[in-house]
2 protein chains.
Amino acid sequence: MSLKILKSPPSVIGYAAVVGRREHEGPLSDDFDLHDMTEKFGTDTWEKAESEMQRLAMNLAMAKAKINGGDLDAIFAGDLMNQCVGSSYGAECFGRPFFGLYGACSTFAEGSILSSLLIGNGTFSKCGVIASSHFCTAERQFRYPLEYGGQRAPTAQRTATAAGAFVLAEKGEGPFVREVLPGTIVDMGITDINNMGAAMAPAAYDTLKKYFEETGKAPDDFDLILTGDLGKEGHAIVSDFMKSAGYNMNGVYNDCGLMLYNAQIQDMHAGGSGCGCSASVIAGHIMKRFEKGYIHDILYVATGALMSPASIQQGRSIPGIAHLVRICDSRSKE
Amino acid sequence: MSLKILKSPPSVIGYAAVVGRREHEGPLSDDFDLHDMTEKFGTDTWEKAESEMQRLAMNLAMAKAKINGGDLDAIFAGDLMNQCVGSSYGAECFGRPFFGLYGACSTFAEGSILSSLLIGNGTFSKCGVIASSHFCTAERQFRYPLEYGGQRAPTAQRTATAAGAFVLAEKGEGPFVREVLPGTIVDMGITDINNMGAAMAPAAYDTLKKYFEETGKAPDDFDLILTGDLGKEGHAIVSDFMKSAGYNMNGVYNDCGLMLYNAQIQDMHAGGSGCGCSASVIAGHIMKRFEKGYIHDILYVATGALMSPASIQQGRSIPGIAHLVRICDSRSKE
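Residues numbered from 1 in each chain as written. Chains lettered and ligands numbered in written order. Predicted model: local features only at pLDDT ≥ 70, side-chain atom pairs only at ≥ 80, totals over all residues. Heavy atoms only, no water.

Here's the deal with the relation of the copies chain A and chain B
Superposition of the two copies of the chain requires a rotation about an axis together with a shift along that axis.
Logical step 1: By a simple turn and slide, chain A fits onto chain B: the slide is 0.0 Å along the axis, the RMSD is 0.0 Å, and the turn is 180°. Classification of the inter-copy transformation places it as that of a two-fold axis.
Logical step 2: Taken as a fraction of all interface residues of chain A, those also at the interface in chain B reach 100%, which identifies the copy contact as same-surface. (Least-squares fit on C-alpha atoms with pLDDT ≥ 70 in both. Contact = heavy atoms within 4.5 Å.)

The following block contains the structure:
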């Protein structure tokens, strides 16, 4: 049994999302707390801008939670930059116990799982979770110099310029993290760096299938099942795989990478990706929908592609992972 | 209070260390389980070799614990490579829930803390912890191409070619993880990438001082206080700082980076470093000393330098962190 049911489900008492220009111009614009059309956030490098986004998101989430940095027992943070410097420089100002994570685009769920388990078992009472990505830090690190203006393949996703933050606490009015299912690494041999949706989809399928098998539930028991960030390719693969396994995901399944941009107008190819993509969609859009009572019970399945440029150059395939977090507006619902 | 006292202290039921040539030629040689004089471990790239060291260390630790991979509730792993690929490719074969960490040289303690907190509170019953580094993957990633044969500054440390693994479990005969104190990021403005000991020392001091203040204990209450990996520079700074604060560390304080190599013969400048340095010293040498009854109660304070080549090029200083783990051969000792 990989599923963990939280006996004392932690509450999301603060949440915030900070985004860049394309994300602000996208369909979820109204649900983000802050944006900067220059994407520099008052700093002089893209890398510093990404750290600043983390700091801003965490500060806004704490403000909403009406707590100070000193109230946090621990901060869990991660990003895509080499040596995860977005997080170390982003979170150092808070002066709290710090756990650096690397889970690629699954980082926000990884941090939410660890926080929830440690709050749910009484170790901590309040934790911060932060994840970020920045198109300009990722593009030049993983692909080409920005000035080169490299073209993306139709199956490629765009790294979101975004950061999301949660404050999770033992007491609160919800929404609550009710169940978590940490993922295992699944590697089906995909080596195409321009199709990471395909590389991560088997991991999402693996985690979702385990969840439904362990709980006996069905996809339509939920208001929404949200992967992040598989984009168009990965979303189609997961839908197909789940259908073959007897689970009908129609009408209930979406992907953070598909939601962040407007496919018709913004031409983002297969959609968004990056640690900040699902972090901002969840900590911005989704939390606001819970607040308004539009949704009550969702599965958030964040996927990560755990390769590096060096591992791909050495001919290795792309290992994928998918961490599941069930968020629910009731503590007691089955 | 940052200190966490484990009510049900988890036991280290399996441990192993896998090292390269220089580490095998060093003074702790007899305490390591496996070495490869070619440092390739049967693979064709240094990066694959590092992953293989993780796999071997975890396998050996599980063999000693007499468990299978399937018995682990989760694996916590990290390394220094960009996007932590040493861990994703190293741990994927185990097919267990996976949490990727980034804590630089503090990773082994970070993983041990998270595992211990989750086992100590009944969430998990058995966890694996792995950390690794490889001189050849780190050198070409952080410094110069290997063929260049770059000279190191006298204050620089050598990245250890080593991996260490723990199996922690709720039941066992010890040694036990009795207390943990997760560190906060401390940045005193050091920008010299060739003196990371100095950059990390203030974090080690911060964590140690907090520990002694919170517990009312003194350094000589322990058989050994072990930082990792500050090397010669950092060790001297921590000794000085602690002395100024009224704590006498004489005779009880050592550093994993100083222990791994023979300073007279091997000429490793300021000592060893890298995630694998303290991981192998703890999971090799120190555990064997517990086994033989030479030591009974120690503080392991692993330090990490949370910068990247890019952040240094952009003129940022080096943030340090130090995570404390108290390991004790008795469950009940005060």
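Structural notes on the environment of Leu258 of chain A
Logical step 1: With respect to the helices and strands, the residue Leu258 of chain A is situated in helix 8 (residues 256-259).
Logical step 2: Residues in contact with Leu258 of chain A, not counting those within four places in the same chain, are Gly231, Lys232, His235 and Ala270 of chain A. (Helix = DSSP H or I, 4+ residues; strand = E, 2+ residues; numbered from the N terminus.)

Re the pattern of salt bridges
Logical step 1: Applying the stated rule across the entire model yields 20 salt bridges over all chains.
Logical step 2: Across the pair Arg140 of chain A and Glu47 of chain A runs a salt bridge, and its minimum N-O distance is 2.6 Å. Here the residue Arg140 of chain A occupies a position in helix 5 (residues 135-142), and Glu47 of chain A occupies one in helix 2 (residues 46-65), the gap between them amounting to 93 residues.
Logical step 3: The shortest N-O distance in the salt bridge between Arg326 of chain B and Glu179 of chain B comes to 3.3 Å. Residue Arg326 of chain B is found in strand 14 (residues 320-328), and its partner Glu179 of chain B is found in strand 9 (residues 176-181); the two are separated by 147 residues along the sequence. With respect to class, Arg326 of chain B is no different from Glu179 of chain B; both count as buried.
Logical step 4: Bridged by salt links that share partners, the residues Glu179, Asp297 and Arg326 of chain A form one connected network. (Salt bridge = Lys/Arg side-chain N within 4 Å of Asp/Glu carboxyl O. Buried < 20%, exposed > 50% of the residue type's maximum accessible area, 1.4 Å probe, protein only.)

Re the packing of aromatic side chains
Logical step 1: A full pass over the atoms with the stated rule returns 16 aromatic pairs over all chains.
Logical step 2: Consider the rings of Tyr211 of chain B and Phe212 of chain B, whose centres lie 5.6 Å apart with planes at 75°: the pair is edge-to-face. For the pair Tyr211 of chain B and Phe212 of chain B, one class covers both residues: buried.
Logical step 3: Ring pairing ties together the aromatic residues Tyr211, Phe212, Phe222 and Tyr247 of chain A, which thus form one cluster.
Logical step 4: Above the face of the Trp46 of chain B ring, Lys40 of chain B is positioned so that its terminal group lies 4.6 Å from the ring centre.
Logical step 5: When the ring centre of Phe135 of chain B is taken as origin, the NZ or CZ atom of Arg158 of chain B, which lies over that ring, is 3.8 Å away. (Phe/Tyr/Trp six-rings, centres within 6.5 Å; stacked < 30°, edge-to-face > 60°. Lys NZ or Arg CZ within 6 Å of the ring centre and 35° of its normal.)

Focus: helix 10 (residues 275-291) of chain A
All names here are of chain A.
Logical step 1: Taking 1.5 Å per residue as the helical rise, helix 10 with its 17 residues ought to reach 24 Å, and the 23 Å between its terminal C-alpha atoms agrees with that figure.
Logical step 2: When the local axis directions of helix 10 are compared, the greatest deviation, roughly 30°, occurs at Ile282.
Logical step 3: At the C-terminal side of helix 10, Gly293 shows a positive phi close to 80°. (Expected span 1.5 Å × (residues − 1). Bend = angle between axes of the 7 residues up to and from the residue.)

Quick word on unusual backbone geometry
It is generally the case that most residues other than glycine have a negative phi and that most peptide bonds are trans.
Logical step 1: Between Gly174 of chain A and the following residue, Pro175 of chain A, the backbone shows a cis peptide bond with an omega angle of 0°.
Logical step 2: For Pro175 of chain A, the location among the structural elements is in the loop between strand 8 (162-169) and strand 9 (176-181).
Logical step 3: Here the amide bond leading from Gly228 of chain B into Asp229 of chain B is cis, since omega sits at 5°, within 30 degrees of zero.
Logical step 4: Mapped onto the elements of the fold, Asp229 of chain B is located in the loop between strand 10 (224-228) and helix 7 (231-244).
Logical step 5: The backbone of Gln83 of chain A sits at a positive phi, close to 60°, despite the residue not being glycine.
Logical step 6: When you line up the elements, Gln83 of chain A lands in the loop between strand 4 (74-79) and helix 3 (85-91).
Logical step 7: Despite not being glycine, Lys66 of chain B shows a phi value in the positive range, around 55°.
Logical step 8: Along the chain, the position of Lys66 of chain B falls in the loop between helix 2 (46-64) and strand 4 (74-79).
Logical step 9: Accessibility expressed as a relative area gives 76% for Lys66 of chain B, which makes it exposed.

Regarding the confidence of the model for chain A
Logical step 1: On average, residues of chain A score 96 in pLDDT, and 99% of them reach the 70 mark or higher.
Logical step 2: In the predicted assembly, ipTM is 0.97 and pTM is 0.98. (pLDDT = per-residue confidence, 0-100.)

What about the interface of chain A and chain B?
Interfaces are often sized by the amount of accessible area the parts lose when they come together.
Logical step 1: Listed by partner, the interface residues are 52 residues for chain A and 52 residues for chain B.
Logical step 2: Summed over both partners, the interface of chain A with chain B buries about 4,400 Å², with 60% contributed by carbon and sulfur atoms.
Logical step 3: Broken down residue by residue, the surface that chain A buries against chain B is led by Gln83, Tyr89 and Gln314 of chain A, which jointly contribute 17%.
Logical step 4: At the boundary of chain A and chain B, one finds zero salt bridges.
Logical step 5: Along the contact surface separating chain A from chain B lie 24 residue pairs in polar contact (both at pLDDT 80 or more).
Logical step 6: For the side of chain A that touches chain B, the elements supplying multiple residues, two or more each, are helix 2, helix 3, strand 5 (98-101), helix 4 (107-120), helix 5, helix 11 (309-313) and strand 14 (320-328) of chain A.
Logical step 7: Ranked by residues supplied to the side of chain A that touches chain B, first place goes to helix 4 of chain A with five residues.
Logical step 8: Split by residue class, the side of chain A that touches chain B holds 25 nonpolar, 18 polar and nine charged. (Buried area = accessible area lost by both parts, 1.4 Å probe. Polar contact = N/O pair within 3.5 Å; in protein donor to acceptor, adjacent residues only side chain to side chain. Nonpolar A, V, L, I, M, F, W, Y, C, P; charged D, E, K, R; others polar.)

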